[in-house]
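# A structural walkthrough
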Amino acid sequence: MKSMHRSTRRHHRTLLACALAGCMLAAAPQVLAQSTAATIRGQVSADSAPASGATVTATNLDTGLTRSVQSSASGNYNLAGLPPGRYRLDIAADGQTQTRNLTLAVGQTVTLNLGLGGVAETAPAGDATNLDAVVVTAPAMVETKTSEIATYVSQKQIDSLPQNSRNFLAFADTVPGMQFVSSADGSESQLRSGAQGANNINVFIDGVGQKNYVTPGGMTGQDDSRGNPFPQAAIGEYKVITSNYKAEYDQISSAAVVAVTKSGSNEFEGSFFWDRTSDGWREPSPIEDDRGYKTEEATEQYGATFSGPIIQDKLHFFVLYEAKDYVIPRDVVWPNVFDPSALPPELSAYYGPHNVPFNEKLYFGKLSFQANDSNLFELSLRKRDEDSISPGSSISAPNFSTNFTNDETRVDLRYQFSSMDWLNDAHLTYEKAAYNPVPVTAAPGYRYTIVDPNNPAVLDLGVLNVGGGPTFQDKGQKGWALQDDLTYFGWEGHTLKMGVKYKSVELNAFQQNPPYPQYYFDVYENLDQPYRIEFTAPLADRAPFVESKNKQFGVYIQDDWEVTDKLTLNLGVRWDYEDNPSFVDYRVTDELAAALRGWTNIQNADYDVEDYISNGNNRDNFKGAWQPRFGFSYDLFGDQEHVIFGGAGRAYDRNIFDYMAREYYGGAFTTYNLYFDTPIHECDPTTNDSCIPFDPSLMTPAGIAAYVAANPRSGGEVNLLNNDLKTPYSDQYSLGIRNLVRLWGQEWNTSVTLSHIRSRDGIYFRLGNRWPDGNFHENPDATWGGQPWGQAIPGYGSLILGDNGVEYNLNSLLLSIDKPYTADSGWGFNLAYTYSDAEENRSDASNGETYYFDGPRLTNRFYLSNGVPKHRLVLSGIYDLGWDTTLSGKLVLATPKPRNATNCNDAVSDSYCFYDPFVPEGTIGYKQFDLALEKRWDTGSDLGLKVRADVLNVFNWRNWNDYDGWRGAAGEPRNPNFAQRNGDNILMPTRTFKLSFGLDW
């Protein structure tokens, strides 16, 4: 069993300083594939001269993994590709030997200049007979001499900082520029960086990207999910790169998360955890306060790990199981402009509290086989099963819910070969991910609405939804990939890294919205007869389910060049290509092409319809994804204490397949919207073919089927992509300085960075319909209203065009102050401050909105980005209280985020309204302070016990989420309540107590 002994003697300050310098020195050869492994480098000297041919061997003290190299003629050595962990370093030359011990972190480059024969050394003096006596742990996972804007999240932070979700990505918001964002009801959590949304993130686990190709979220399983994308207990530590990453990173345009998983060791070890909270352990929300009782809630998370040797020093295993079982409180709430007594009791009874379940199971297993000093094999398997019931909105009854299922399987076979000057790292992977939202109730939906008294132009303000839900989807990805990364460090002063990746992945998408008829009733008009019925029917000549067997190819080369002992240049370039058959082989039917070309409304339009008519031969895959990446670092005094760094580069992401698949499924089902002429909801059958007399049979499935049979459609809505569709990208520029500061007897790492990011070519969809004169607005001079929705393609429905055009600009100041936790000091502290000047040319684009119907096309006019607060501050700390008790805390403060709004008040008339986001009143838009206290007991055996209490939102601060965005109609006085709070909804949590129990053995 694992020894519980740990040395407590204080190391000599010189030794600690040497270890810290080794940790932060990154001018030498760097890391292998996706920076998950560590590197030790330096010079061996004997009798005051470089020792040529000295043998340097690193041995992992936990797994027995060994790696050996010989020093060059100049005495230099380089040991790369080392998994993070504790190591013994053995040096032998001319009959002399020496031993040193150290701990390596993920992606770390440590410089140890080693001396034999009494030569002074820059490495700590180890104890060869007692390996536990001196184990040097780098106190900060920071590389000062790198051009990347990168920050580490340590295992200590993951284990100690307060948290309620066990999503390892949640700790990334301790990094400047990052946000871990949860929806107001907690039904979705995503990681985002800067002005761009979560889609542009990529997460690399053990060197393999986890990109979601089909749906939003950045990482598979992060779309519409409160679950964890990866079991937290399997994560060792990770690095977050917010900008200017090197050439090995692909399919990304914002931030990269680089994580390494745990492995088994030569000791049998295990753990068990369980934590729980409930409605009795939290404060009521404002809505619950008003009604006098809380909704039932229970949250349980539990799991276990087990690891150890199969063959000592050779073959090890690690297995894990984690689960979540939630009972989630929800409320059906009427809009504050509506009196619920207007509904009959059987409907108004739906208002009030209810709860929904969430269940997730995560499995992870890993085998590690060290065949010999040169060959390492790893096989890992991950599986995820998840069911999540969500009503979708605060006016939806429980029976209107949707079950969002997320299932995923990933397999990674890794082979690593090392020689004297080469390191090769190869991965063969398989993945299968499925996203399948289905209605809980297989029946029609009933929508109850009113005319909005604050905006009479809105005739269908929803007040209650019951019955069958509005969506059915079947989307996913599966396939295999081969990637190989090669590092050469035999060229003095240079580290050359090069790699290639090939991936064959099948993507699929299907959706039917709505799958069941939706009946709309005006509460103040008639509850027995709908004024509108919406339903879908399949088209005989369309295939609703689309599959695409995509092929991806990427190649890169990177040179990390130590020009002098002060100046390091990082020079790289990569190229990515994807063959997307569903796009290039798509063919518009002859009938549709003829209808488009003969459509007189678009003869004088602001676009050429030929740019969207594909004949199956006039589209090409995008080949322009060349991505030069340049970085530098300059050590001002050659002591790694004051380093100026910067860089510039381009990074291409990819178009989400679900967006591109709209060309298929967007027209596979035709949508019938039948209107009935009523006093409030008037329609004219002479000008609107969908305005018909009400027929009671339409309230039945047989009546719907009969209407479809009598009114068949061969057309329906048409979605078309631009034949010259490009891939989104970002250009990144940065300049900063890192410093090592000694204060209060401790060493602090600080960083100040100025960053500019320009993101271009995001995909969006716009209305292609035009009025007979070719204009988009009925009044050509208007900027709002009068869109040509009724002006459809002859014989078909509306035309929706997909184009590149979404753009973001971000100027930011990133400040970090970090005193890493060490066992000697017993405490750690981190400050992350971000100033963001963020703008976008599409409202809510960073939150996933892809449709733009306010005007004919997106322009270069920019607006406040509603996904980014101007100021954001995160403080976190860890402190040992003694008696094996640890206290930790985290404070988040942010200014209000801009909100979407339309401005009619400052327009000449309501036809000239324009998009104009606003910032809610107040200095602080979000604030939360969390604490955690953990007590451990040594039972005197190999079994350890721990109990932990987390208090989230200690001061029960209210983070209000409802604000009045109505400025007033044109010509009216300004709404005095504009930008002020107008509801009781908050961002959760309220003050919550969570109790955790754990065992370690």
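Anyway, here's the lowdown on the structure attached to this text. Just so it is clear, the structure is predicted and the values come from calculations on it, not from any experiment. (Residues numbered from 1 in each chain as written. Predicted model: local features only at pLDDT ≥ 70, side-chain atom pairs only at ≥ 80, totals over all residues. Heavy atoms only, no water.)

Right, let's talk about the nonpolar core for a bit. Judged by nonpolar contacts, the single largest core of 29 residues is most densely connected at Phe168, Leu169, Val203, Tyr238 and Val257. Within the residue set of this core, elements represented by two or more residues are strand 12 (178-182), strand 14 (202-205), strand 16 (235-243), strand 17 (256-261) and strand 20 (315-332). Top element by residues in this core is strand 16. It accounts for 3 residues. Apart from the residues lying within four places of it in its own chain, the contact partners of Tyr238 are Val106, Thr151, Tyr152, Val153, Ile158, Phe168, Leu169, Phe171, Ala172, Val257, Val258 and Ala259. If you look at the next biggest cluster of nonpolar residues, it comprises 24 residues, including Val523, Ala537, Ile692 and Ile704. (Core = buried A, V, L, I, M, F, W, Y, C linked by side-chain atoms within 4.5 Å. Buried < 20%, exposed > 50% of the residue type's maximum accessible area, 1.4 Å probe, protein only. Helix = DSSP H or I, 4+ residues; strand = E, 2+ residues; numbered from the N terminus. Contact = heavy atoms within 4.5 Å.)

Attention now goes to helix 9 (residues 701-710). Taken together, the buried positions of helix 9 are Gly703, Ile704 and Tyr707. In an axial view of helix 9, the angular spread of the buried residues amounts to 100°, which keeps them on one side of the axis. Along helix 9, the residues that are exposed and aim more than 90 degrees away from the buried face are Pro701, Ala702 and Ala709. (Arc of directions from axis to C-beta.)

Looking now at the sheet that holds strand 17. With respect to topology, 5 strands assemble into an open sheet ordered 11-16-17-14-15, the strand pairing being mixed. In this open sheet, the two strands that pair with only one neighbour each are strand 11 (149-153) and strand 15 (208-209). Two elements, strand 14 and strand 15, share 2 bridges in a ladder whose sense is antiparallel. Across the sheet, residue Phe204 finds its bridge partner in strand 15, namely Gly209. (Pairing = 2+ DSSP bridges.)

All right, on to unusual backbone geometry then. Trans is the common state for peptide bonds, and a negative phi is the common state for residues other than glycine. At the junction of Asn513 and Pro514, the peptide bond is cis and its omega measures out at -5° in the coordinates. Residue position: Pro514 is located in the loop between strand 28 (494-512) and strand 29 (518-522). Note that the residue after Met988, namely Pro989, is joined by a cis bond; omega there is 10°. Within the secondary structure, Pro989 sits in the loop between strand 48 (944-952) and strand 49 (992-1000). For Gln640, which is not glycine, the phi torsion reads 60° and is therefore positive. One non-glycine residue, Asp884, lies in positive phi territory at about 55°. Mapping Asp884 onto the fold places it in the loop between strand 43 (871-882) and strand 44 (885-894).

Mapping Leu875 onto the fold places it in strand 43. Each C-alpha atom, one on Leu875 and one on Pro679, is 58 Å from the other, the two residues being 196 residues apart in sequence. When residues no more than four places from it in sequence are discounted, the contact partners of Leu875 are Phe829, Asn830, Leu831, Gly889, Lys890 and Leu891.

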